[in-house]
Amino acid sequence: MPLAKDKLFLRAGGNYSKRDGFVRNEFNGKDLQNLEAIEGNFRLKYFASDRLTFSLLYNVQYRESDAFAQVMASPENDITFQDILTRKFGCYSLR
């Protein structure tokens, strides 16, 4: 978006994301892997001459996320992918 014809320009972009968790902590009943994120990018560009330009860049990011559960599978504990989809492990269960 031009702020001054052929001299000063502004570019802005942003993103907002939100999701509810999809793993439940069976111990306290709270969802895990919730996410809320806001991101913004701003650029101000000034053309001083044909050979000289100035750019000012500003990026901002805010993220809030609960920790997420991991299920570790290995030959020693004989957990299969089907087990992960259908069984509970410790205090967590997949929804």
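All figures in this text were calculated on a predicted structure; none of them were measured in a lab. (Residues numbered from 1 in each chain as written. Predicted model: local features only at pLDDT ≥ 70, side-chain atom pairs only at ≥ 80, totals over all residues. Heavy atoms only, no water.)

## With respect to the overall build of the protein
Going by this rule: Starting at the N terminus, helices and strands are each numbered in turn, a helix being any DSSP run of H or I of at least four residues and a strand any DSSP run of E of at least two. Residue contacts are counted whenever heavy atoms from the two residues lie within 4.5 Å of one another. We get accessible surface area from the Shrake-Rupley algorithm with a probe of 1.4 Å; when it comes to residues, only the shown protein chains can shield them.
Looking only at helices and strands, the protein features one helix and seven strands. The N-to-C order of helical and strand elements in the protein reads β-β-β-β-β-β-α-β. A separation threshold of at least 6 residues defines the contact pool for the protein, and within that pool the share at least 24 residues apart is 49%. Carbon and sulfur atoms provide 55% of the accessible area of the protein, an area that totals close to 7900 Å².

## Structural notes on the packing of aromatic side chains
Under the convention used in this document: Ring geometry is summarised as follows: Phe, Tyr and Trp rings, the Trp one being its six-membered ring, pair when their centres sit within 6.5 Å, and such pairs are stacked at plane angles under 30 degrees, edge-to-face over 60 and tilted between the two. We call a residue buried when its accessible area falls under 20% of the maximum for its residue type, exposed when it is over 50%, and partly exposed in between, using a 1.4 Å probe and counting protein chains only.
Applying the stated criterion to the full structure yields two aromatic pairs. Centroid distance Phe9 to Phe47: 5.8 Å. Interplanar angle 90°. Geometry classified as edge-to-face. Here Phe47 lies in strand E5 (residues 35-47) and Phe9 lies in strand E2 (residues 8-19), a separation of 38 residues in the sequence. Residue classification places Phe47 among the partly exposed positions, given a relative accessible area of 30%.

## Remarks on the sheet that holds strand E6 (residues 53-65)
Stated formally: Pairing between strands is defined by DSSP: at least two bridges between the two strands are required. Each axis is a line fitted through C-alpha atoms, taken for helices only over the stretch in contact, and angles between the N-to-C directions span 0 to 180 degrees.
Read across the open sheet, the four strands follow the order E1-E2-E5-E6; overall the sheet is antiparallel. Strands with a single pairing partner mark the edges of an open sheet, and in this sheet they are strand E1 (2-4) and E6. Within this sheet the neighbouring strands show an average axis-to-axis angle of 15°, counted without direction. Note: E5 against E6, 13 bridges, orientation antiparallel. Residue pairing for E6: Asn41 is matched across the bridge by Asn59.

## Brief notes about the pairing of E2
Alignment of E1 against E2, held across two bridges, turns out to be antiparallel. Bridge pairing in E2 places Pro2 opposite Phe9. Count of turn residues in the E1/E2 antiparallel hairpin: three residues, of which Asp6 carries a positive phi of about 60°. Looking at chain direction, E2 and E5 are connected through twelve bridges and run antiparallel. What sits directly across from Ala12, in E5, is Phe42.

Worth remembering: the numbers are spatial, not functional.
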